[in-house]
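Descriptive analysis of the structure
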Amino acid sequence: MQAIAWYLTVLIVAAIGAVFILVAARSQQPAEYSVVQPAAYRRRAQLFWGLIAFGVVVAAVTLRDLPYVRTADAAPEQIVTAQGFQWYWELGRDSVVAGQPVEFQISAADVNHGFGIYDSETRLVAQAQAMPGYVNRLRHTFTEPGTYRVMCLEYCGLAHHAMIAELEVTAAK
Ligand SMILES: [Cu+2]
């Protein structure tokens, strides 16, 4: 997923760059304003209404499931409380078992933090917002045992980068 996002970003940036180069190249040819203007205004109106229509479709498709229904199923047996501080994490426990669901109960003591769990190759496996005054529940089942790291995903001040905690995921018995 992160690879797709990366390639998509590169593609879009390249497309925007190509438009800039095209405009710069075309700007060398002089043209009469009265000839260029009506076509440009027409295209601008088309673009405007096209974007409006696109936005309506995206909103209709993506907002259909809201508000999310709270599932009534019981919380998993493995619960890890997690609280973000400037600038460290406090985890209720530092090891969980793979193959069984874990519920992280995430909050923050001071400012907003981002609770991100990374595997041993620094791939993001799960994340949720850590906010003062709220407990956000994040459920995740680890499939691979190993040493995972919790890092802050939201800039929260000087030592934001130092907010690293370790979580050991042990093999299912
Ligand atoms: Cu941070």
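On a predicted model such as this, the values are computed, not experimentally measured, just so you know.

What counts as what
- Residues numbered from 1 in each chain as written.
- Predicted model: local features only at pLDDT ≥ 70, side-chain atom pairs only at ≥ 80, totals over all residues.
- Heavy atoms only, no water.
- Helix = DSSP H or I, 4+ residues; strand = E, 2+ residues; numbered from the N terminus.
- Rg over C-alpha atoms; globule rule 2.2 N^0.38 Å.
- Buried < 20%, exposed > 50% of the residue type's maximum accessible area, 1.4 Å probe, protein only.
- Contact = heavy atoms within 4.5 Å.
- Areas by Shrake-Rupley, 256 points an atom, 1.4 Å probe, with all protein chains shown as cover.
- Lys, Arg positive; Asp, Glu negative; His and termini not counted.
- Charge placed at Lys NZ, Arg CZ, Asp CG, Glu CD.
- Pairing = 2+ DSSP bridges.
- Axes fitted to C-alpha atoms, helices over the stretch in contact; angles between N-to-C directions.
- Patch = residues over 30% accessible without salt bridge, like charges linked within 9 Å, V, L, I, M, F, W, Y side chains within 5 Å.
- Salt bridge = Lys/Arg side-chain N within 4 Å of Asp/Glu carboxyl O.
- Donors = N, O, S within 2.8 Å, 3.2 Å for Na, K, Ca; no water.
- Tetrahedral: all angles 85-135°; square planar, octahedral: opposite > 155°, others 65-115°.
- 1 Å grid on protein atoms, 1.4 Å probe; cavity = no way out; pocket = protein on both sides within 12 Å on 5 of 7 lines; lining within 4 Å.
- Points joined across faces, edges and corners; volume = space filled by probe spheres on them.
- Nonpolar A, V, L, I, M, F, W, Y, C, P; charged D, E, K, R; others polar.
- Domains from an automatic or database assignment.

1. Some words on the overall build of the chain
Broken down by element type, the chain carries two helices and nine strands. Listed N to C, the secondary structure of the chain is α-α-β-β-β-β-β-β-β-β-β in terms of helices and strands. For 173 residues, the compact-globule formula gives about 16 Å, and the C-alpha radius of gyration of the chain, at 24 Å, lies well above that figure. Its C-alpha atoms give the chain principal-axis dimensions of about 75 × 35 × 35 Å. Across the 173 residues in the chain, those meeting the buried criterion constitute 24%. A sequence separation of at least 24 residues applies to 63% of the contacts in the chain between residues at least 6 apart. Summed over its atoms, the accessible surface of the chain is roughly 12,500 Å², and 63% of this surface lies on carbon and sulfur atoms. Across the chain, the centroid of the 12 positively charged side chains sits 14 Å from that of the 14 negatively charged ones.

2. A word on the sheet that holds strand S9 (residues 164-170)
Across the sheet, which stays open at both edges, the five strands sit in the order S3-S9-S8-S5-S6 with mixed pairing between neighbours. The open sheet has two free edges, formed respectively by strand S3 (95-97) and strand S6 (124-130), since each of these has just one partner strand. Strand-to-strand twist in this sheet, taken as the mean axis angle between neighbours without regard to direction, amounts to 25 degrees.

3. Re a nonpolar patch on the surface
A surface patch of nonpolar side chains, amounting to about 550 Å² of accessible area, comprises Leu8, Leu11, Ile12, Ile16 and Phe20. Along the chain, Leu8 falls in helix H1 (residues 2-26).

4. What about the coordination of the copper ion?
Think of it this way: four donors in a tetrahedron around the metal ideally sit 109.5 degrees apart, and six in an octahedron ideally sit 90 or 180 degrees apart. Each protein donor to the copper ion is listed here as Cys152 (SG), Glu154 (O), Cys156 (SG) and His160 (ND1); together their distances run 1.9 to 2.4 Å. Around the copper ion, the four donor atoms sit at angles spanning 88 to 121 degrees, and that spread fits a shape best called tetrahedral. Mapping the donors of the copper ion onto the primary sequence yields the spacing C-x1-E-x1-C-x3-H. For Glu154, a relative accessible area of 27% gives the class partly exposed.

5. So, the layout of surface pockets
Considered as a void within the structure, the largest pocket measures approximately 480 Å³ in volume. For the largest pocket, the full set of lining residues is Val23, Arg26, Ser27, Gln29, Pro30, Ala31, Tyr33, Val36, Ala39, Ala40, Arg43 and Arg44. Going through the elements one at a time, H1 and helix H2 (33-62) are the ones with two or more residues in the lining of the largest pocket. Residues belonging to the lining of the largest pocket are distributed by class as follows: seven nonpolar, two polar and three charged.

6. Overview of the domain arrangement of the chain
Interface size is commonly expressed as the accessible surface area that is lost when the partners come together. Each assigned domain of the chain is listed with its residue range as follows: domain 1 (2-62) and domain 2 (78-170). With centres defined by C-alpha atoms, the gap from domain 1 to domain 2 works out at 40 Å.

7. Observations concerning the sheet that holds strand S1 (residues 78-85)
Strand-to-strand pairing in sheets goes through backbone hydrogen bonds, with the strands running parallel or antiparallel. If you trace the four strands from one edge of the open sheet to the other, you get S2-S1-S4-S7, paired in mixed fashion. Of all the strands in the sheet, just strand S2 (88-91) and strand S7 (136-141) have a single pairing partner and so form its edges. On average, adjacent strands in this sheet sit at an angle of 25 degrees to one another, irrespective of strand direction. Taken together, the six bridges between strand S4 (residues 101-108) and S7 define a ladder with antiparallel strand orientation. Opposite Ile106, over in S7, you have Asn136 as the bridge partner.

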